[in-house]
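# Structural overview
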There are 8 protein chains.
Amino acid sequence: MNPIEDILNAYKKGTLTLEAAVADLGNSLFKDLGHSTLDLDRARRNGASEVIYGEHKTADQIVDLTRTMLEHGHNVLITRTTRAVHEALAALAPESRFHADARAITCSLHEPALAETSIAVVTAGTSDLAVAAEAAVTAEFLGNRVELISDVGVAGIHRLLNRLPEIRDARVVVVVAGMEGALPSVVGGLVDKPVIAVPTSVGYGASFGGVAALLGMLNSCASGVSVVNIDNGFGAGYLANMINRL
Amino acid sequence: MNPIEDILNAYKKGTLTLEAAVADLGNSLFKDLGHSTLDLDRARRNGASEVIYGEHKTADQIVDLTRTMLEHGHNVLITRTTRAVHEALAALAPESRFHADARAITCSLHEPALAETSIAVVTAGTSDLAVAAEAAVTAEFLGNRVELISDVGVAGIHRLLNRLPEIRDARVVVVVAGMEGALPSVVGGLVDKPVIAVPTSVGYGASFGGVAALLGMLNSCASGVSVVNIDNGFGAGYLANMINRL
Amino acid sequence: MNPIEDILNAYKKGTLTLEAAVADLGNSLFKDLGHSTLDLDRARRNGASEVIYGEHKTADQIVDLTRTMLEHGHNVLITRTTRAVHEALAALAPESRFHADARAITCSLHEPALAETSIAVVTAGTSDLAVAAEAAVTAEFLGNRVELISDVGVAGIHRLLNRLPEIRDARVVVVVAGMEGALPSVVGGLVDKPVIAVPTSVGYGASFGGVAALLGMLNSCASGVSVVNIDNGFGAGYLANMINRL
Amino acid sequence: MNPIEDILNAYKKGTLTLEAAVADLGNSLFKDLGHSTLDLDRARRNGASEVIYGEHKTADQIVDLTRTMLEHGHNVLITRTTRAVHEALAALAPESRFHADARAITCSLHEPALAETSIAVVTAGTSDLAVAAEAAVTAEFLGNRVELISDVGVAGIHRLLNRLPEIRDARVVVVVAGMEGALPSVVGGLVDKPVIAVPTSVGYGASFGGVAALLGMLNSCASGVSVVNIDNGFGAGYLANMINRL
Amino acid sequence: MNPIEDILNAYKKGTLTLEAAVADLGNSLFKDLGHSTLDLDRARRNGASEVIYGEHKTADQIVDLTRTMLEHGHNVLITRTTRAVHEALAALAPESRFHADARAITCSLHEPALAETSIAVVTAGTSDLAVAAEAAVTAEFLGNRVELISDVGVAGIHRLLNRLPEIRDARVVVVVAGMEGALPSVVGGLVDKPVIAVPTSVGYGASFGGVAALLGMLNSCASGVSVVNIDNGFGAGYLANMINRL
Amino acid sequence: MNPIEDILNAYKKGTLTLEAAVADLGNSLFKDLGHSTLDLDRARRNGASEVIYGEHKTADQIVDLTRTMLEHGHNVLITRTTRAVHEALAALAPESRFHADARAITCSLHEPALAETSIAVVTAGTSDLAVAAEAAVTAEFLGNRVELISDVGVAGIHRLLNRLPEIRDARVVVVVAGMEGALPSVVGGLVDKPVIAVPTSVGYGASFGGVAALLGMLNSCASGVSVVNIDNGFGAGYLANMINRL
Amino acid sequence: MNPIEDILNAYKKGTLTLEAAVADLGNSLFKDLGHSTLDLDRARRNGASEVIYGEHKTADQIVDLTRTMLEHGHNVLITRTTRAVHEALAALAPESRFHADARAITCSLHEPALAETSIAVVTAGTSDLAVAAEAAVTAEFLGNRVELISDVGVAGIHRLLNRLPEIRDARVVVVVAGMEGALPSVVGGLVDKPVIAVPTSVGYGASFGGVAALLGMLNSCASGVSVVNIDNGFGAGYLANMINRL
Amino acid sequence: MNPIEDILNAYKKGTLTLEAAVADLGNSLFKDLGHSTLDLDRARRNGASEVIYGEHKTADQIVDLTRTMLEHGHNVLITRTTRAVHEALAALAPESRFHADARAITCSLHEPALAETSIAVVTAGTSDLAVAAEAAVTAEFLGNRVELISDVGVAGIHRLLNRLPEIRDARVVVVVAGMEGALPSVVGGLVDKPVIAVPTSVGYGASFGGVAALLGMLNSCASGVSVVNIDNGFGAGYLANMINRL
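Small disclaimer: the values here were computed from a predicted structure and weren't measured.

## Thoughts on the side chain of N219 of chain F
- Among the structural elements, N219 of chain F can be located in the loop between α9 (211-218) and β11 (225-227).
- Taking the relative accessible area as the measure of exposure, N219 of chain F reaches 4% and is therefore buried.
- Looking at N219 of chain F, its side chain comes within polar contact range of the side chain of N229 of chain H, at 3.1 Å.
- For N219 of chain F, the contacting residues outside a window of four places in its chain are M179, E180, Y204, A206, S207 and A212 of chain G together with N229 of chain H.

## Here we look at the environment of L33 of chain E
- Mapped onto the elements, L33 of chain E comes out in the loop between β1 (30-32) and β2 (37-39).
- Separated by 52 residues in sequence, L33 of chain E and V85 of chain E place their C-alpha atoms 19 Å apart.

## Quick word on the domain arrangement of chain A
Residue and element names in this part refer to chain A.
- Partitioning chain A into structural domains gives domain 1 (33-107) and domain 2 (118-244).
- Computed from C-alpha coordinates alone, the two centres of domain 1 and domain 2 are separated by 26 Å.
- Across the contact, 14 residues belong to domain 1 and 12 residues belong to domain 2.
- The largest per-residue losses of area from domain 1 upon contact with domain 2 belong to L77, R80 and A102, which jointly make up 38% of the total buried on that side.
- Our enumeration of links across domain 1 and domain 2 arrives at 1 salt bridge.
- Its salt-bridge partner being R80, residue E134 comes within 3.3 Å of it at the nearest N-O pair.

## Concerning the interface of chain A and chain B
- Taken together, the contacts link 28 residues of chain A with 28 residues of chain B.
- Buried surface at the junction of chain A and chain B, both sides included, amounts to about 2600 Å², of which 58% is carbon and sulfur.
- Per-residue buried area on chain A facing chain B is highest for R45, L218 and L246 of chain A; these three make up 23% of the total on that side.
- The interface formed by chain A and chain B holds 7 residue pairs in polar contact (both at pLDDT 80 or more) in total.
- Listing elements by their share of the side of chain A that touches chain B, those giving two or more residues are α3 (42-46), α10 (211-218), β11 (225-227) and α11 (233-244) of chain A.

Cut-offs applied
- Residues numbered from 1 in each chain as written.
- Chains lettered and ligands numbered in written order.
- Predicted model: local features only at pLDDT ≥ 70, side-chain atom pairs only at ≥ 80, totals over all residues.
- Heavy atoms only, no water.
- Helix = DSSP H or I, 4+ residues; strand = E, 2+ residues; numbered from the N terminus.
- Buried < 20%, exposed > 50% of the residue type's maximum accessible area, 1.4 Å probe, protein only.
- Polar contact = N/O pair within 3.5 Å; in protein donor to acceptor, adjacent residues only side chain to side chain.
- Contact = heavy atoms within 4.5 Å.
- Domains from an automatic or database assignment.
- Buried area = accessible area lost by both parts, 1.4 Å probe.
- Salt bridge = Lys/Arg side-chain N within 4 Å of Asp/Glu carboxyl O.

Next up, the structure:
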């Protein structure tokens, strides 16, 4: 049952004072760890637990956050992390797994229900694989089947055309590309599914760390394409799961 | 039946030469109008007919394109257009309608099947209404019910919280905001549906014609948010329809 | 015969003083009109006469420049100009022609030798036609056959594939595109000819007046692609002529 | 008594020559250390002594500056410094303290008067803590009580709403945020106190080292918000003290 | 008495159903005008009523908003507006006043309490006067005395030094400057009061519409300086009032 | 005699009170016109009177400033102005002159001493003439002979080489160029005099209003080159005069 | 014979099913290595085999790709690589060669036909040599004679003029320059051959990693100049080969 | 005597063939070292020998260049270099000197004539000293007396006013500043000498590696100020020498 309604009813019945009701409401929604304020209500509001963004955090902070989440029965996904953090979690979460290519850690207490349809993750080049892996790990962690199709960029368009049937089988398509970022436009013109475009920082010179790809994707002449931040494989995988479960 | 398979089979049977097969394939897929190459196959590939982007096109070109689409039985949506173009279409399409706020023309030969679920279009301020209207007109043209919620930006967060039930009722949420573009982050943290963020060029000084809002949305700390181009209400409405029909 | 060698020889023979030789060298190479220093030697050095860039110049200055060029027997091309300038030239050059789409004036005293091979000019959208026209007028003025193929952008890739034979027939390909500027990458991956990419300022929002297309083209993953300035149809046509005549 | 008036009066009385008066005026206002010109008059003009910005300075230069300030009876704050500099100060200032999180050194000869009201320092995420710590150390060094509230960003707005009473208790609020930098807008819409927004370089991709957060804050749709430089915790803490003491 | 507590108590007593309580809470806080959602609770939360930002709004929308605010007893300030809008308000608010230099309209039903201390508004050049006027009108509308000191930029530093006593008399200083935006740094080094820096779009060439001044102010080497958006005189005046009333 | 020393001495003698001394010091140095604070001391400090920057100023303000300057015996230069302003000055300064190409007005009560050496102003193209004219008018107004050499840009390097003797005759060279801004580098490599580079906003596409030329000049591989703001002919002419009179 | 026609004919004859035909078409055109999809058809379409871009690829991936290409009889060029990768290839390709200056590896199974005309590669400074070397290695690998002319930048224009005969001998000229990037404009004004401009990231301060040079080249006032990405020596060499073989 | 005239005369007399004359002209003007083309004619054209820019060059290349210059009797200045390079020069130039603060090496075979007037180098902060040192070493190497005045930035304007007499004694003033770069404007308003402004990359956050200071200086409201590249102490010192010797 919904803990918030419990608290409101207890307050109405008088078994809780106003001060206690406010405090309880807070405690059921998040946990203050000093350095962080863990959002415990996100699964209810957003359909998935909070995810730990590993960058800029110490191993101790991550262990803290992981312990709290596991105690509350949440599966844990840590992104932008390192093997060293995985080792620091060994005692607490021996069953956790480090995904080296995606730089992510997953630790699942329970399997999420598997979505009926699948997600395609397509990359323009071999160099875009790390970002694509982050998207794939995220989507799989959340209970989706993922089809990964690599290195089918627009300079050799027949490679893409050959893989179209697999791409069209998916319910939502994540397209990962650096350099000029043209692949989502071409894919978007060929499928009738939402395309989530992920620019990567792969490139040199006037690619400006992914800005060229980002602008290319935002200005896509194809419809049905939207864009997430540069190198944000996690965001694409998360959104793909959300759409795949509608 | 699929005209492309017809042509391939005819070629195999020998009733078509190779040259004729190639030509027929071309003719069934698009029409060369000289100035434009109208894509007649898009509905099959993408789930919706080509849309006429009105900017930079003469009234004559638009009339040409509209006539061809109507002849092929397609509903017509023209974006970024003017009342003068609407008048130029009067003889050809007397039943067409000009949407002044959205700067769009619609002309529907047949009603699209109405989607079962609805789309919410939310704006941060009154000044974002024109872009929101383009999104709404597009989504309605494609057969969706749209709930428009205006002027609930983050500087008065209680206005948003009050409208949350309506927003949560929708299957996909379009959030339109200029200035700092913070509203999609807040909405994204409160709903478990995909959020399509549309930055607008509303603002002054260091808003740089929508760049501030665009960057704010790309860097959203909320998950489930993706972004389209600045002022691209059409793109958001089109993608929302695509997701709403999955 | 080469006028510079004449002067040097005259100086060596003593029929010219050092001062006179220097002055003559100058006069044979350019003409000082006060406001402008017309380069009369360019055809010898560069293979084509100087072209008059019309922007920021008064009609009087352009008439002046045109008269001097015609007096020296040069064909005249004026770019970025207006119908009013064309009218101001009526008395001086009644046979001159105004190309409204390309915003150019041509006036040819003699036909240039026609190149044996041809140039393809390809556009992504109808809105890119003005820039493409400037490229085509320039190339034709310099004596080339031009094949113009319009509106075959990447969102409907089959439109492009259908026109490939015509494109492959050309010796050099000019590709004109705004928005994400992806078309040169796709064309570059399909032909074995040099591709000159021209970004256009067509687009809105984060296209930034052609910057998105420019960056897309500079970061092209296809080889054999080089780029000229935004909207620089003239530069592309001039370079295409140069390559076509090698 | 004011040393400048002394000098002016002495000059008027004739006990000082014009040259000596000018020299004395200089000496009472600053001290030339060769590499630096220490401003000794700042406390009178600005209400607080000069602060040593540690970046780009050698340990020797910092020791020099610290010695001079202590000799003149000033409390010393060194920002953007290291533990190694702290060790170099051990002999000179054994009572000084290194704040590792804020990367600052404080050394107070005398306690500043404690302000009656307090300052709230609020962060959007755990990763913003280092900048927040610099703000807090600065404000405390100048004699203020500081309430630090961490990780209450806009993606989980209830975390912020729960802490509002504490925030409203303060006389001035420092809000520290990276990524989209939306928190100051939300806080600014909820309190009637000045909000000093500090963008941080936390983020990735199109956050551009804090530019996205900076633009978000400059374009805030909430009133009462002003902005300091990216990662400038010191500047925010200094200004908060100035406002808190009005 | 606080209307929100009334509603909560009525709900607790049972004289209001849950649905009615929620509805009443909403109605007491804002008013939905269709195009806009007027925030009626801002004075309580923020210490001043909502202000109408005139840009991008039609005269009809502004009249609507003004009527509602006057009906609720709020004083009205409209910024970025025109004389035509003022005329449209003539019937509704005959006592309203148009400030041509500041492009603002004020209409006060009751005089705000006059703050005891004053605000200085200082400009670098004559061209910065329009932005300064917006700041001054805003601060006066909110009940402050304003001292305006014009054209004392850093290229003639003695002009500023001469006016220092007046500037030091104020409790908070607004400094308005375009071009290199250096004046806030110099003022900030000479006073012990908060300095609110307002960059203006005055300048040419590499001033980039105020970006040079904005960057100059953000990087100020003086402490106690914070910055608002380019040309945002309103924001500076509003914040100055907030600080002046602490 | 120096008025400031007079005042100081009067104060020392007691014929002036401290208050009167401060006031007199102020009055001898500048004049407060309300909208502007005219700097009357600049000729002593900077070697030339204040110049009136016409942009953003009303005709009335300019007349005011001109009258005050003429009353104090200063020659007047007004830049970035219009013929209408010149007409507004007719009664006050019938001998003033409007320079249409430079958009400047000059009015000289007395001829400045003519500098012994001259200044060369060189332009890359005809389109750069307006900026060059502003530089030339400024330098002539301040008493310099100016040699103007137009349209000798780097695409026809022999045009420049031919004019080198004239350029080398000058004591300081102003080089005005738009587009890629390469001319100052070439000139700087050929002369042993200071080169003042002026980028112009002439160009299109990726010239970004003069940014390309500005960056080109700042990165000049030639020594002895410094740069002023885009289109800042006045600044170049003023600095050239200053160097020419050393 | 063309394998694609074989497959189509086999399908027509019935010796291949539709499914098998599609699969065979795919296999003859590219090879899926999991991490990469090697384009085996590029030589036919583009006139040269695929080139391995070494950056972001592991040594294992490069060895994989090299093996596949050698097995298919392609010459191999690896760019942006390291000596360590060369060592990893020792067993597989003992005859391969590491070009330290160009950071490239070449391995040629058969000599390409030598082009009849040659390519000039010209650098502005010594620091541009690495990029020039990449261009030269690429062009030589593809069967061209290359004339390398180093350090003839515009600050000493006579150095360039002296080498003009050699430059004019080439059929196409690659010009490599950092800093202000002015050399292609000067060369373009002196030769009647296509100039491929390569901006380099050489420079400091406002060169912004090659942006200044890139903009200079895009805005070149000389005709016949096109531009590739910053530091893209490979792209220039590849395009030069393509033009040289027309 | 001038070697070029010798060659021309020999050619006229017939003692030199045309080919030999051209070759000799080249050899007397520069020396081709393979990697570099040393400009031996610069002292005649520019008034000072070529300077070796050390960045991106190997120690071997620098030794080569130094040897050639010494052999031709030129004094040598190497900028942006290291102590390791100095050690590599020990055998060749034992009398050379490494300036650690300026990161420069000087080696003078003969003392340049000392200029009669001096140069002031002024810095805003202690952190700007390295760039100022490069300017000072350059100017001293070229035969100038330099007055270095450090840490007199605008946040404590009295420090600057106190040093004004020394600054006014110089014939030309170099002002070095990072952060907001305001010091040149203030100095330019106080002296009647040319001010060479040098932006430095000192700062953080929105200083963008010196861009904020650069823009501040380009937009200076003071006249007589010109700007060199970010951190370009050498360029400022070189230009100051040129002006000081006029």
